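Examination of the molecular architecture
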Amino acid sequence: MGEHAVVITRVAERQWHAVEDDRVVGRGDTARRPDGRIFLSVDAWHDAVFDQLADAMLADLPKPLYTVVDEADLDLTSNWERAGFTTRRREWEYLVPTDPRVTGLGSVSPPSGVTMVAVGEAEEGPLRELDRVIRHEVEATVGWQEMPAEVLPRPDGATLLDPSKYAVAAQSDEYVGLVRVGPVIRQPRIGLIAVRSDQHRRGIARALLAHVLGSLHRCGIETASADVNESNKGAMALFEGVGARRASSNLELVLR
C-alpha cells in the first residue's frame with residue numbers, strides 16, 4: 001500500500017476494481033450459479049484492499065452471498081470470515097484408484113435383474129426421467145443445493161445437460177441409478193452417483209462405481225477424482241471402502 005488512497009469502483013454489473021494511483025490493485029467478481037445463488041471472489045495482494053473490496057460488494061449485493069475457498073488457504077478463509085462469512089459446508093476431494101485389485105471391486109456384479117449401461121450409451125428419455133425422479137427425492141430431503149455445482153438445476157429446472165457423460169443401471173425397461181463422469185484429461189471426475197430411493201440398499205451404487213472404475217482402468221487411467229459433501233456419510237463410506245483417499249477440501253462459506 002502506497003501513499004495514495006485506494007478507490008473502489010464498480011466497473012461492470014459483476015465486477016469491482018480497487019485502484020491506487022491509476023493502478024488496479026485488486027478485483028472483485030460475482031457469479032450467479034444456475035440455482036440462483038450469488039458467489040463472490042476477490043483477488044487482492046493486501047488484506048486492507050480485500051476488506052475494502054468486500055465491503056463495497058456486500059453493500060451493493062442482496063444476501064445471502066456465498067464463496068468457496070480451499071480449506072488449506074488459511075489467509076483467504078480468514079479474510080472472508082473477517083467480512084462476516086461462516087462455513088456452510090465442507091466438500092472433500094477424493095482420489096479414487098481404478099485398479100480392481102486395489103478397489104476390491106473386481107468381483108462386484110449388479111444385483112439380479114439389473115444391468116449396466118456404459119457411459120454415453122444411455123437413452124436420453126429414460127435418463128432424463130430418472131434424473132427428474134432423483135432430483136425431486138433429493139429436494140424432499142437434504143436439498144439439491146448439497147449437490148456438486150455442475151449438477152445444480154438451470155433456470156428451466158434441468159440438471160442433466162449432457163447425457164453422454166452418464167452411465168446408468170437399468171432394470172426391466174427403466175433406469176434406476178446413474179453415475180456422472182466428467183471426461184477430464186488424465187484424471188476423470190466422478191461428479192455424481194445416485195440411485196432411486198426405492199432401489200437403495202441393493203448394491204446398485206457400488207456396482208455402478210465398479211463398472212465405471214473398471215472401464216477407466218481398461219483405458220489405462222489409474223486414478224479418478226470425486227468431490228463428496230462431508231455430510232453425505234454414505235458416499236464417503238462408498239469411496240473410502242474402495243481405497244479412495246482424501247486429497248484436499250473446499251469450504252463453502254455464506255453470509256446471510
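Attention in this report is confined to the structure presented alongside it.

Reading the values: rules and limits
- Residues numbered from 1 in each chain as written.
- Predicted model: local features only at pLDDT ≥ 70, side-chain atom pairs only at ≥ 80, totals over all residues.
- Heavy atoms only, no water.
- Helix = DSSP H or I, 4+ residues; strand = E, 2+ residues; numbered from the N terminus.
- Buried < 20%, exposed > 50% of the residue type's maximum accessible area, 1.4 Å probe, protein only.
- Contact = heavy atoms within 4.5 Å.
- Areas by Shrake-Rupley, 256 points an atom, 1.4 Å probe, with all protein chains shown as cover.
- Pairing = 2+ DSSP bridges.
- Axes fitted to C-alpha atoms, helices over the stretch in contact; angles between N-to-C directions.
- Arc of directions from axis to C-beta.
- Salt bridge = Lys/Arg side-chain N within 4 Å of Asp/Glu carboxyl O.
- Phe/Tyr/Trp six-rings, centres within 6.5 Å; stacked < 30°, edge-to-face > 60°.
- Lys NZ or Arg CZ within 6 Å of the ring centre and 35° of its normal.
- Core = buried A, V, L, I, M, F, W, Y, C linked by side-chain atoms within 4.5 Å.
- Right-handed = clockwise from strand over helix to strand, strands pointing away.

**Focus: the overall build of the protein**
- Helices and strands together make up the secondary structure of the protein, namely 6 helices and 12 strands.
- Projecting the C-alpha coordinates of the protein onto the three principal axes gives extents of approximately 75 × 40 × 30 Å.
- Per-residue burial over the protein gives 45% buried out of 256 residues.
- Across the protein, contacts joining residues at least 24 apart in sequence account for 67% of those joining residues at least 6 apart.
- Working note: accessible area of the protein is about 13200 Å², and carbon and sulfur atoms make up 48% of it.

**Regarding the sheet that holds strand E8 (residues 166-171)**
- The strand order E1-E2-E3-E4-E5-E12-E6-E11-E10-E9-E8-E7 describes an open sheet built from 12 strands, whose pairing is mixed. Taken across any chain shown, the strands that pair with only one partner, and hence form the sheet edges, are strand E1 (6-12) and strand E7 (114-117). The average undirected angle you get between the axes of adjacent strands in this sheet is 25°.
- Sheet strands in contact with helix H6 (residues 233-240) are strand E6 (86-97), strand E10 (189-195), strand E11 (223-229) and strand E12 (245-255), and its direction is about 160° off that of E11.

**What to know about the environment of Ala 12**
- With respect to the helices, strands and loops of the structure, Ala 12 is situated in strand E1.
- Separated by 168 residues in the primary sequence, Ala 12 and Arg 180 have C-alpha atoms spaced 35 Å apart.

**Focus on H6**
- Turning to H6, its buried residues number three or more, namely Ala 235, Met 236, Leu 238 and Phe 239. Seen end-on, H6 carries its buried residues on one side only, within an arc spanning 160°.

**Brief notes about the pattern of salt bridges**
- What the rule picks out here adds up to 17 salt bridges.
- Measuring nitrogen to oxygen at the nearest pair gives 2.9 Å for the salt bridge that ties Arg 37 to Glu 252. Of this pair, Arg 37 sits in the loop between strand E3 (23-32) and strand E4 (38-44) while Glu 252 sits in strand E12, placing them 215 residues apart in sequence.
- One salt bridge in this structure joins Glu 174 and Arg 196, with 3.4 Å as the shortest N-O distance. One end of the pair, Glu 174, is in strand E9 (residues 174-182); the other, Arg 196, is in the loop between E10 and helix H5 (204-218), with 22 residues separating them in the sequence.
- Each member of the salt-bridge network shares a partner with another, and the members are Arg 37, Arg 88, Arg 89, Glu 91 and Glu 252.

**Remarks on the side chain of Asp 131**
- Relative to the helices and strands, Asp 131 resides in helix H4 (residues 124-139).
- The contact partners of Asp 131, leaving out residues within four places of it in the chain, are Thr 159, Leu 160 and Leu 178.

**Some thoughts on the packing of aromatic side chains**
- A full pass over the atoms with the stated rule returns 4 aromatic pairs.
- Ring plane angle 25° and centroid distance 5.3 Å describe the contact between Phe 39 and Tyr 66, whose orientation is recorded as stacked. In this pair, Phe 39 sits in strand E4 while Tyr 66 sits in strand E5 (residues 65-70), placing the two residues 27 residues apart along the sequence.
- Phe 39 gets classed as buried once you look at its relative accessible area, which sits at 7%.
- You can call Tyr 66 buried: its relative accessible area is 4%.
- Taken together through their ring pairs, the aromatic side chains of Phe 50, Trp 80 and Phe 85 make up a single cluster.
- The ring centre of Phe 39 lies 3.7 Å from the NZ or CZ of Arg 33, which sits over that ring.
- One Lys or Arg, Arg 37, reaches over the ring of Tyr 66 and ends 4.7 Å from the middle of that ring.

**Re the nonpolar core**
- Among the nonpolar cores identified, the biggest contains 29 residues, and Val 96, Ile 190, Leu 209, Leu 213 and Phe 239 are the most heavily contacted of them.
- Counting only elements with at least two residues in this core, the list comes to E6, E8, E9, E10, H5, E11 and H6.
- Per-element tally for this core: the top contributor is H5, with 7 residues.
- If you look at the next biggest cluster of nonpolar residues, it comprises 22 residues, including Trp 16, Ala 54, Ala 56 and Leu 65.

**Looking at the environment of Ser 107**
- Inspection of the secondary structure assignment puts Ser 107 in the loop between helix H3 (100-103) and E7.
- When the C-alpha atoms of Ser 107 and Ala 210 are compared, they prove to be 8.9 Å apart, with 103 residues separating the residues in sequence.

**Remarks on the pairing of E5**
- Alignment of E4 against E5, held across 2 bridges, turns out to be parallel. Bridging across to E5, Ile 38 finds its partner in Leu 65.
- Each parallel crossover has a hand, and the one from E4 via helix H1 (residues 47-60) to E5 is right-handed.
- As paired elements, E5 and E12 share 6 bridges and run antiparallel to each other. Counted as the bridge partner of Thr 67 is Leu 253 from E12.

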